[in-house]
Amino acid sequence: MFPHGAKILVDVIPFDGGRSGISQYALNVVRALAAAGHDLTLVTEPGVAAEFFPGMKALEAPKWTRRAVFSMFWHLFALPRLIRRTGCHAMLILAANRRALWRCPLPTVGVVHDLSQYHVAAKYDAFRMFYIKRVLPHYVRRMHRVVAISKSTAADLVKHWGIPETKISVVYDGFTPPTSIQAANATADIARRSILYISRLEHPGKNHVGLIEAYGKLPRDLAEKHPLVLAGGDWNGSEAVHAAVAQSPYRDFIRLAGFVPTADLPRLWAEAAVYVFPSRFEGFGLSLLEAMAVGVPTACSCTSSLGELGEGVAELFDPEYSDAIAAALVKLLTSDNTARIAAGKARAAEFSWARCAQGLLDAFPKAEVFGVPIHCETMETAVQQIAQARDTAHPHFFSFVNAHCLNLAYSDGDYVEVLKRCDRVWPDGTGVRMAGRRYGFPVPANVNGTDLFPLLSGRVFLYGAGPGVAERAAANIKKAHPQMEVVGTADGYGDERAAISTINRVEPDVLLVARGVPLQEKWIAAHLHELRCGAVLAVGGLLDFVSGRIPRAPHWMRCLGIEWLYRLKCEPIRMFRRYVIGNPLFLWRLRQRSGARN
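Residues numbered from 1 in each chain as written. Predicted model: local features only at pLDDT ≥ 70, side-chain atom pairs only at ≥ 80, totals over all residues. Heavy atoms only, no water.

*Asks:* If you had to explain the sheet that holds strand β7 (residues 168-170) to someone new, which residues and values would you point to?
*Replies:* With parallel pairing, the seven strands of this open sheet are ordered in space as β3-β2-β1-β4-β5-β6-β7. Each of the sheet's edge strands pairs with one partner strand only, and the pair in question is β3 (57-60) and β7. Averaged over all neighbouring strand pairs, the angle between strand axes comes to 25°, with direction disregarded. Alignment of strand β2 (residues 39-44) against β3, held across four bridges, turns out to be parallel. When the bridges of β3 are listed, Leu42 appears paired with Ala58. (Pairing = 2+ DSSP bridges. Helix = DSSP H or I, 4+ residues; strand = E, 2+ residues; numbered from the N terminus. Axes fitted to C-alpha atoms, helices over the stretch in contact; angles between N-to-C directions.)

*Asks:* Summarise the confidence of the model for the protein chain; cite the residues concerned and give the values.
*Replies:* Detailed reading of the predicted coordinates is not advisable wherever pLDDT falls low. Taken as a whole, the protein chain shows an average pLDDT of 92; of its residues, 96% reach a score of 70 or greater. This stretch, residues 182-191, has a pLDDT under 50; its non-local contacts, to residues over four places away or in other chains, come to 21 contacts. (pLDDT = per-residue confidence, 0-100. Contact = heavy atoms within 4.5 Å.)

*Asks:* Describe the state of the cysteines, naming the residues involved and giving the relevant values.
*Replies:* When the sulfur atoms of two cysteines share a covalent bond, that bond is a disulfide. Taken as a whole and assessed by the stated rule, the structure comprises zero disulfides. The cysteine Cys302 is free of any disulfide, with Cys300 supplying the nearest cysteine sulfur at 8.3 Å. Free of any disulfide, Cys405 has its nearest neighbouring cysteine sulfur in Cys422, separated by 11 Å. With a relative accessible area of 4%, Cys405 lands in the buried category. (Disulfide = S-S within 2.5 Å. Buried < 20%, exposed > 50% of the residue type's maximum accessible area, 1.4 Å probe, protein only.)

*Asks:* Tell me about the packing of aromatic side chains, and please be specific about residues and values.
*Replies:* Tallied over the entire structure, the rule returns 20 aromatic pairs. With a centroid separation of 6.0 Å and an interplanar angle of 70°, the aromatic rings of Phe284 and Phe351 are classed as edge-to-face. Within this pair, whereas Phe284 is found in the loop between β11 (272-277) and α10 (286-293), its partner Phe351 is found in the loop between α13 (338-348) and α14 (353-362), the two being separated by 67 residues in sequence. Grouping residues by exposure puts Phe284 and Phe351 together as buried. (Phe/Tyr/Trp six-rings, centres within 6.5 Å; stacked < 30°, edge-to-face > 60°.)

*Asks:* Break down helix α4 (residues 126-140) for me, with residues and values.
*Replies:* An α-helical turn contains 3.6 residues, so any two residues separated by three or four positions project in the same direction. For α4, which comprises 15 residues, the first-to-last C-alpha distance of 20 Å matches the rise-based estimate of 21 Å (1.5 Å per residue) to within 8%. Among the residues of α4, those classed as buried are Met129, Tyr131, Ile132, Leu136, Pro137, Tyr139 and Val140. Those residues of α4 that are buried are in contact with α3 (68-82), β6 (145-148) and α5 (151-161). (Expected span 1.5 Å × (residues − 1).)

*Asks:* How would you sum up the side chain of Asp173? Please name residues and give values.
*Replies:* Here Asp173 shows up in the loop between β7 and β8 (194-198). Setting aside its immediate chain neighbours within four residues, Asp173 contacts Tyr25, Ile149, Phe284, Phe351, Trp353 and Cys356.

*Asks:* Lay out the nonpolar core in plain terms, naming residues and giving numbers.
*Replies:* Core analysis: the biggest nonpolar cluster contains 88 residues, and Leu94 and Tyr275 have the highest contact counts within it. The greatest single-element share of this core, amounting to seven residues, is contributed by helix α1 (residues 21-35). When residues no more than four places from it in sequence are discounted, the contact partners of Tyr275 are Leu196, Tyr197, Ile198, Trp269, Ser287, Leu288, Ala291, Val296, Pro297, Thr298 and Ala299. Of all hydrophobic cores here, the second largest spans 41 residues; its members include Phe397, Val432, Phe441 and Cys533. (Core = buried A, V, L, I, M, F, W, Y, C linked by side-chain atoms within 4.5 Å.)

*Asks:* Quick one: what's the story with helix α20 (residues 469-480), residue by residue and with numbers?
*Replies:* Spanning twelve residues, α20 covers 16 Å between terminal C-alpha atoms, matching the ideal 16 Å at 1.5 Å per step. Listed in full, the buried residues belonging to α20 are Val469, Ala470, Ala473, Ala474 and Ile477. Angular distribution of buried residues about the axis of α20 spans 135°; they occupy a single face of the element. α20 presents Lys478 and Lys479 as exposed residues on the side facing more than 90 degrees away from its buried surface. Where α20 is buried, its residues meet β18 (458-464), β19 (484-490) and α23 (542-547). (Arc of directions from axis to C-beta.)

*Asks:* Tell me about a nonpolar patch on the surface, residues and numbers included.
*Replies:* A cluster of nonpolar side chains, contributed by Phe73, Phe77 and Phe127, occupies part of the molecular surface with about 290 Å² of accessible area. As for its position among the elements, Phe77 is in helix α3. (Patch = residues over 30% accessible without salt bridge, like charges linked within 9 Å, V, L, I, M, F, W, Y side chains within 5 Å. Areas by Shrake-Rupley, 256 points an atom, 1.4 Å probe, with all protein chains shown as cover. Salt bridge = Lys/Arg side-chain N within 4 Å of Asp/Glu carboxyl O.)

*Asks:* Hey, could you go over the sheet that holds strand β13 (residues 315-317) for me, with residue numbers and the actual values?
*Replies:* As summarised here, the arrangement of the six strands in space is β10-β9-β8-β11-β12-β13, forming an open sheet in which the pairing is parallel. A strand with exactly one partner marks an edge of an open sheet, and here the two such strands are β10 (254-258) and β13. Neighbour-to-neighbour, the strand axes of this sheet turn through a mean angle of 20°, independent of strand direction. Pairing analysis gives four bridges linking β8 to strand β9 (residues 228-231), with the strands arranged parallel. Counted as the bridge partner of Tyr197 is Leu230 from β9. Along the sheet face, helix α12 (residues 322-333) touches β8, β11, β12 (298-301) and β13 and points at about 170° away from the line of β13.

*Asks:* Please set out a positive patch on the surface residue by residue, giving values where relevant.
*Replies:* There is a patch of like positive charges on the surface, built from Arg81, Arg84, Arg103, Arg433 and Arg437. Note on placement: Arg437 falls in helix α18 (residues 430-439). (Lys, Arg positive; Asp, Glu negative; His and termini not counted. Charge placed at Lys NZ, Arg CZ, Asp CG, Glu CD.)

*Asks:* So what about the pattern of salt bridges? Which residues, and what values?
*Replies:* Within this structure, the stated rule accounts for 22 salt bridges. Between Glu315 and Arg340 there is a salt bridge; the shortest N-O distance is 3.1 Å. Of this pair, Glu315 sits in strand β13 while Arg340 sits in helix α13; the two residues are 25 residues apart in sequence, bridging distant segments of the chain. With a relative accessible area of 19%, Arg340 lands in the buried category. The residue Arg567 makes a salt bridge to Glu571 at a minimum N-O spacing of 3.6 Å.

*Asks:* So what's going on with the pairing of strand β21 (residues 535-538)? Residues and values would help.
*Replies:* Taking every second residue as pointing to the same face, both faces of β21 are buried, with Ala535 and Leu537 on one and Val536 and Ala538 on the other. As paired strands, strand β16 (residues 396-401) and β21 are joined by three bridges and run parallel to one another. Of the residues in β21, the one forming a bridge with Phe397 is Val536. Strand direction decides the pairing type here: strand β20 (residues 510-514) and β21, joined by four bridges, are parallel. Paired with Val513 across the two strands is Ala538, which belongs to β21. Since β20 and β21 lie parallel, the crossover through helix α22 (residues 519-527) that links them has a hand, and here it is right-handed. (Right-handed = clockwise from strand over helix to strand, strands pointing away.)

*Asks:* I'd like a description of unusual backbone geometry, backed by residues and values.
*Replies:* Most peptide bonds take the trans form, and the phi angle of most residues other than glycine is negative. In this structure, the amide linkage connecting His203 to the following residue, Pro204, adopts the cis form with an omega of 10°. Residue placement: Pro204 occurs in the loop between β8 and α6 (208-215). Phi at Ser304 is positive, roughly 50°, even though this residue is not glycine. Examined against the element boundaries, Ser304 turns out to sit in helix α11 (residues 304-310).

As structure tokens, then:
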């Protein structure tokens, strides 16, 4: 589960002026994430944010990056230096098959749409082919997780870019069903309705030439009844498409519609008898789903993701053979397609942008360190969960972990099992945040017991610390925190059964257990079933701070994440092993486990 309250940096470069499939993907993913209430900052090309994402926070690339080659290098080497300034906790790169970072300062998930350059030899010029085949793979492998938008692309990532299967998630695109369309049922009169293909005119990848050749092999009466409509703007190699049209025996029945704005697409769908998608290779094939959704019978290539989407629904063909394309078109145009239309609508209903956006967030690595699950949430969320525990029939167990706790968990399997039983284990301190950056899970806030304590309210019981410490803490709470009522205290050195009896007699909303790690967590786990209270928190040395026995570090040290230095200064002998030995040991263990995870 992606942490509530985390700020997400969403990279939508390149955007292609909103005219490519990748740009439409970016538009819809951003809208879905925003609709779900996530706090987004976009990385965009110059002017894109104002035109396509009005009102959203954005980090714009400089104007000199308008040329693709400059954009590639700015994105690769300059952008990583700017990312931390955004205050975000995680990053999504929505076109990682075209842009990457030389290092990832935040937990990063990159989306790869396709590796068509390995399937279509003349896909790009020599420079771009070198960049995509030799440069990008090295840096995409550095991302914490890679999303493929189809199983076909996932297989290519393993084969061509050497990315381990364990690092890849498959998250299919969503799509927005076209609206206001009265597509004809295939059993009705479809005379003069078109054969439609929506794709930029790119040769040879999109295979317009193969489709035009196949159209030229249709019986003339079918071609006259069903004109071929090719909707899409000119792109690399479009000259070959125009030449093929000019040479076709049915050139008078072929219409090049150019780029068609989204608002005008309903008219094309309404006029379509069939939809054909003959591309040699596609990462996904969004328009195929759109055709299914509006009830237009479909035919498509049996290769790449198109075969995945069309299996059992569309008429499949080998895109390398024009005779096979022609046969598929004839079959659709001369058959009853009622069952095919129903199956297509059912298939299209399986996809949505909301599901796609959530899938991208779910692709971030699981928040876990040394086997300990960590619930990376904000302080506000943590306080709400504690308050909600008051109204339940059984007590809820909450704990915190810092680098010291995780060092203990590394070699104490019983402690790990206890933490797995907690309702929440919150991240406390810089060490956990460093683990998140290394392992790839976002940590939006430092949720520690000392800072959370003043936000509590209701009836509280203090259990633990040395003799007299809980009583002094209760007196200070009465003065400084009137929203809390301390209904009882017991030190950690007295009779445990007596303490449990006292706790159950007053039935507090919140029980604070301060007996040190891991003793306090193991004690709670052993006695949770017999406690009568709302929330039980394992709070370590909290009562020592509240009572004034141990001073808290200055605010500026806490903000910098170096409170441990102050603790070391105050208690050098007791804290020497925990910090001077423990902190370097924790970093070494992170590095060792990081290699295993990747």
